[in-house]
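So you can see what is in the structure, the chains are spelled out below.
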Amino acid sequence: MTGTEKSQCCVVGGGPAGLMLGYLLARAGVRVTVLEKHADFLRDFRGDTVHPSTLEIMVELGLIDRFLELPHQKVSKLGGMVGTTPVMIADFTHLPVRERYIAMMPQWDFLNFMASAAAKYPNFTLLMNTEATDLIERGGVVAGVKAKSPEGPKEILADLVVAADGRGSVLRSRADLSVEDLGAPMDALWFRLPIDRADAPETMGRFSAGSIFVMLYRGDYWQCAYVIPKGSLETLKAGGLDAFRDAIAIASPFKRERLDAISSWDDVKLLTVRVDRLLQWYRPGLLCIGDAAHAMSPIGGVGVNLAVQDAVATANILAQPLKAGTVTPDDLREVQKRRMFPTRVTQAIQVAAQNNIIGPTLKLREQPKPPFALRIMQTFPFLQRIPARVLGLGVRREHVADFIRDARN
Ligand SMILES: Cc1cc2nc3c(=O)[nH]c(=O)nc-3n(C[C@H](O)[C@H](O)[C@H](O)COP(=O)(O)OP(=O)(O)OC[C@H]3O[C@@H](n4cnc5c(N)ncnc54)[C@H](O)[C@@H]3O)c2cc1C
């Protein structure tokens with residue numbers, strides 16, 4: 001054992017939930033250690049949408065101007081194509097916040113930004129290349145984690161361990177917390193395509209007979225998602241790369257030549273879609289947040305933003321008891337109570353969309369027509385503000401508590 005460290009709070013996972021929580025707790029004066037198993041935050045496309053609710057958190061924290069200096073694209077309106085009919089789905093420009101758009105920003109830029117903002121607090125420690133492997137328990141209470149690091153094994157003892165280690169959370173399985181699986185009929189294949197100067201910079205979804213194609217404008221490339229029936233990747237691969245490129249040519253607006261940019265299956269990343277949530281998010285000494293508590297469907301691209309909202313609620317509720325060394329299971333239950341409602345509502349919307357739109361579209365043989373709700377939104381554009389509100393601000397939006405905003409330590 002190379003060492004035992006002590007902290008008031010040990011956050012496992014340096015994703016959006018873990019780093020935002022680490023920053024907020026450090027700002028509130030809590031001694032916090034964040035563990036991240038990778039050596040850096042570089043990862044290929046992992047949810048690069050920073051929604052208006054997260055941008056508003058940055059406004060509340062006084063970080064927004066520096067944050068927006070990072071390269072990003074603004075999506076003020078979300079459109080789509082249903083069959084051959086163009087539709088407008090969401091208009092963010094009327095939201096009651098300062099930044100009324102989705103900022104498309106590589107997740108590593110967001111994470112590096114939060115890590116460097118937190119690093120100015122002496123009570124914040126970030127251990128990169130350090131992977132939590134197990135919980136340390138004393139008398140039925142979680143008292144810390146065991147970890148492996150380049151220097152050897154480590155123990156980090158803490159009054160509270162927060163599992164923010166994502167949807168494959170090791171800690172939630174070590175803690176034996178029960179998971180409710182809500183199911184998903186699809187997976188998504190992600191890949192990049194080159195941009196052509198003549199392309200309109202539109203982020204949109206295209207719903208056609210038997211296919212769904214999403215294209216996100218990223219300035220110097222298109223980030224694309226092709227939705228497939230769950231578990232069908234191997235069948236697709238058996239058909240060969242050319243057949244795949246042909247299918248994308250039909251589903252997308254791109255000419256077949258451009259699809260040669262997909263040079264091998266290595267360029268295509270599978271997102272196995274999962275929608276699940278823990279029945280109970282905590283045990284004495286341990287709390288799960290973000291994807292570790294609830295894996296979200298990619299519909300609406302809300303996973304990052306829900307993770308950030310969880311972090312804000314956790315810091316608001318737990319920073320003071322953590323400082324005082326008095327965190328109880330009741331405090332942890334309070335966090336779950338606060339965040340379970342938005343999780344349930346968001347997942348219910350996602351599951352309804354999966355079952356009523358995504359699944360049926362993948363089985364269609366004829367071009368779909370826009371459903372009634374979308375047609376009405378085209379006639380009365382102000383109705384596009386409703387999906388914008390649900391997507392952009394979410395359900396039960398969190399605000400940073402005054403004692404954290406005002407903290408000057
Ligand atoms: C391909 C893809 C596309 C997506 N698209 C979107 C999108 O457009 N918009 C959106 O909002 N969401 C999207 N998501 C979901 C989004 O990425 C997640 O919901 C979000 O990142 C969850 O944040 P988190 O902090 O809870 O977990 P994660 O982002 O998963 O972070 C967990 C962190 O913990 C680290 N970790 C894991 N285990 C350990 C361990 N044992 N010890 C130490 N560290 C550990 C991981 O390395 C990781 O850095 C997408 C996800 C994928 C995979």
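Okay, so let's go over this structure. All figures in this text were calculated on a predicted structure; none of them were measured in a lab. (Residues numbered from 1 in each chain as written. Predicted model: local features only at pLDDT ≥ 70, side-chain atom pairs only at ≥ 80, totals over all residues. Heavy atoms only, no water.)

Let us now look at the overall build of the chain. Of the regular secondary structure elements, the chain holds 12 helices and 21 strands. Dimensions of the chain, computed from C-alpha atoms along their principal axes, come out at roughly 60 × 45 × 35 Å. Looking at the 409 residues of the chain, the share that counts as buried comes to 55%. Partitioning the intrachain contacts of the chain with sequence separation of at least 6 by distance along the chain shows that 75% fall at a separation of at least 24. About 17700 Å² of surface is accessible on the chain, with carbon and sulfur atoms providing 53% of the total. The positive charge centre, built from 49 side chains, and the negative charge centre, built from 44, are 4 Å apart in the chain. (Helix = DSSP H or I, 4+ residues; strand = E, 2+ residues; numbered from the N terminus. Buried < 20%, exposed > 50% of the residue type's maximum accessible area, 1.4 Å probe, protein only. Contact = heavy atoms within 4.5 Å. Areas by Shrake-Rupley, 256 points an atom, 1.4 Å probe, with all protein chains shown as cover. Lys, Arg positive; Asp, Glu negative; His and termini not counted. Charge placed at Lys NZ, Arg CZ, Asp CG, Glu CD.)

The next subject is the nonpolar core. Among the nonpolar cores identified, the biggest contains 78 residues, and Phe67 and Val145 are the most heavily contacted of them. Top element by residues in this core is helix 8 (residues 303-324). It accounts for 9 residues. Beyond its immediate sequence surroundings of up to four residues, Phe67 is in contact with Val50, Leu55, Met58, Met105, Phe110 and Phe113. Core analysis: the second largest hydrophobic core is formed by 20 residues, Met204, Met215, Trp222 and Phe254 among them. (Core = buried A, V, L, I, M, F, W, Y, C linked by side-chain atoms within 4.5 Å.)

Before going further, it helps to examine the packing of helix 2 (residues 52-60) against helix 8. Following both chains from N to C, one finds helix 2 and helix 8 inclined at 40 degrees, their axes separated by 9 Å at the closest point. As the angle between them shows, helix 2 and helix 8 are arranged oblique. Note on packing geometry: the crossing formed by helix 2 with helix 8 is left-handed. Between helix 2 and helix 8, the contacting residues are Ser53, Thr54 and Ile57 on the first element and Asn305, Val308, Gln309 and Val312 on the second. Among the residues forming the contact of helix 2 with helix 8, the class breakdown is 3 nonpolar, 4 polar and no charged. (Axes fitted to C-alpha atoms, helices over the stretch in contact; angles between N-to-C directions. Parallel < 35°, antiparallel > 145°, perpendicular 65-115°, else oblique. Left-handed = near helix turned anticlockwise from the far one by under 90°. Nonpolar A, V, L, I, M, F, W, Y, C, P; charged D, E, K, R; others polar.)

All right, on to the pairing of strand 14 (residues 204-208) then. Extensive coverage of strand 14 is indicated by the burial of 5 of its 5 residues. On strand 14, burial covers both faces: Met204, Arg206 and Ser208 on one face and Gly205 and Phe207 on the other are all buried. Sheet analysis places strand 5 (residues 77-82) next to strand 14, joined by 4 bridges and oriented parallel. In the sheet register, Met81 faces strand 14, and the bridge partner there is Arg206. When strand 14 meets strand 15 (residues 211-217), the two strands line up antiparallel, connected through 5 bridges. Considered in strand 15, the bridge of Phe207 is made with Ile212. Here strand 14 folds back onto strand 15, and the loop between the two strands holds 2 residues, one of which, Gly210, carries a positive phi near 75 degrees. (Pairing = 2+ DSSP bridges.)

Let's shift gears to the sheet that holds strand 13 (residues 186-194). Ordered by their spatial adjacency, 7 strands build an open sheet running 6-5-14-15-16-13-17, and the pairing between neighbours is mixed. Of all strands in the sheet, those bounded by a partner on one side alone are strand 6 (85-91) and strand 17 (269-271). Recorded for the sheet is a direction-independent mean angle of 25 degrees between the axes of neighbouring strands. Contacts from helix 7 (residues 241-251) reach strand 13, strand 14, strand 15 and strand 16 (221-229), with the element oriented near 105 degrees to strand 16. The strands that helix 9 (residues 329-363) touches are strand 13, strand 14, strand 15 and strand 16; relative to strand 15, the one it contacts most, it runs at about 110 degrees.

The final tally for this structure, using the stated rule, is 23 salt bridges. The salt bridge involving Lys154 is made with Glu5; its shortest N-O contact spans 3.6 Å. Pair noted here: Lys154 is in strand 11 (residues 152-163) and Glu5 is in strand 1 (residues 3-12), with a separation of 149 residues, a long-range link. The exposure class of Lys154 is buried, given its relative accessible area of 10%. Taking the relative accessible area as the measure of exposure, Glu5 reaches 27% and is therefore partly exposed. When salt bridges with common partners are traced through the structure, they connect Asp242, Arg245, Asp246, Arg256 and Asp260 into a single cluster. (Salt bridge = Lys/Arg side-chain N within 4 Å of Asp/Glu carboxyl O.)

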